[in-house]
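# Understanding the architecture of this molecule
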Amino acid sequence: MTRLEEHLAEMLLRKVNGLTARQAVLQLLESGLIDLKACERRAIHEEIFRLQQQGMPRCEAFEVAAARFCCSYEKARNAFYNLSKH
């Protein structure tokens, strides 16, 4: 972990001191300190991966994830492939 990451972690911990884990996450999202769009992409990607691990074909997993996250098939597809590149 870099020094910057250490400093940022300390700042975030101070911001959520005394809150439950759920309250802390909501507070950080509301304050813009957590990137909501990045979280959404990661959650979609993980849902598609989980469905595939259960034996669902990828294209069907895109459809299911799109329905669960109230987004388009294309958005689910992009979330999966763009995160798979990294």
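What comes next is a walk through the structure.

Procedures and definitions
Residues numbered from 1 in each chain as written. Predicted model: local features only at pLDDT ≥ 70, side-chain atom pairs only at ≥ 80, totals over all residues. Heavy atoms only, no water. Helix = DSSP H or I, 4+ residues; strand = E, 2+ residues; numbered from the N terminus. Contact = heavy atoms within 4.5 Å. Core = buried A, V, L, I, M, F, W, Y, C linked by side-chain atoms within 4.5 Å. Buried < 20%, exposed > 50% of the residue type's maximum accessible area, 1.4 Å probe, protein only. Disulfide = S-S within 2.5 Å. Axes fitted to C-alpha atoms, helices over the stretch in contact; angles between N-to-C directions. Parallel < 35°, antiparallel > 145°, perpendicular 65-115°, else oblique. Left-handed = near helix turned anticlockwise from the far one by under 90°. Nonpolar A, V, L, I, M, F, W, Y, C, P; charged D, E, K, R; others polar.

## A word on the environment of Arg68
- Along the polypeptide, Arg68 turns up in helix α4 (residues 58–68).
- In this structure the C-alpha to C-alpha distance between Arg68 and Ala79, which are 11 residues apart in sequence, comes to 14 Å.
- Setting aside residues up to four positions removed in sequence, Arg68 forms contacts with Glu47, Arg50 and Leu51.

## Some remarks on the nonpolar core
- Core analysis: the biggest nonpolar cluster contains 11 residues, these being Ile44, Ile48, Leu51, Ala61, Phe62, Ala65, Ala66, Cys71, Ala76, Ala79 and Phe80.
- Elements with a contribution of two residues or more to this core: α3 (36–53), α4 and α5 (73–84).
- Those residues within four positions of Phe80 in sequence are excluded, and the remaining contacts are His45, Ile48, Phe49, Gln52, Arg58 and Phe62.

## What about the state of the cysteines?
- Here the structure, examined in full by the defined rule, presents 0 disulfides.
- In this model Cys39 remains outside any disulfide bridge; the closest cysteine sulfur is found in Cys71, 15 Å from its own.
- Cysteine Cys59 shares no disulfide, and the gap to the nearest cysteine sulfur, in Cys71, comes to 15 Å.

## Observations regarding the packing of α3 against α4
- Running from N to C, α3 and α4 cross one another at 135 degrees; their axes reach a closest spacing of 9 Å. Our classification of the angle between α3 and α4 gives oblique. The element α3 and its partner α4 pack so that their crossing is right-handed. Taking contact as the criterion, the partners of Ile44, Glu47, Ile48, Arg50, Leu51 and Gln52 in α3 are, on α4, Arg58, Ala61, Phe62, Val64, Ala65 and Arg68.
- Looking at the contact of α3 with α4 residue by residue, the class counts come to 7 nonpolar, 1 polar and 4 charged.

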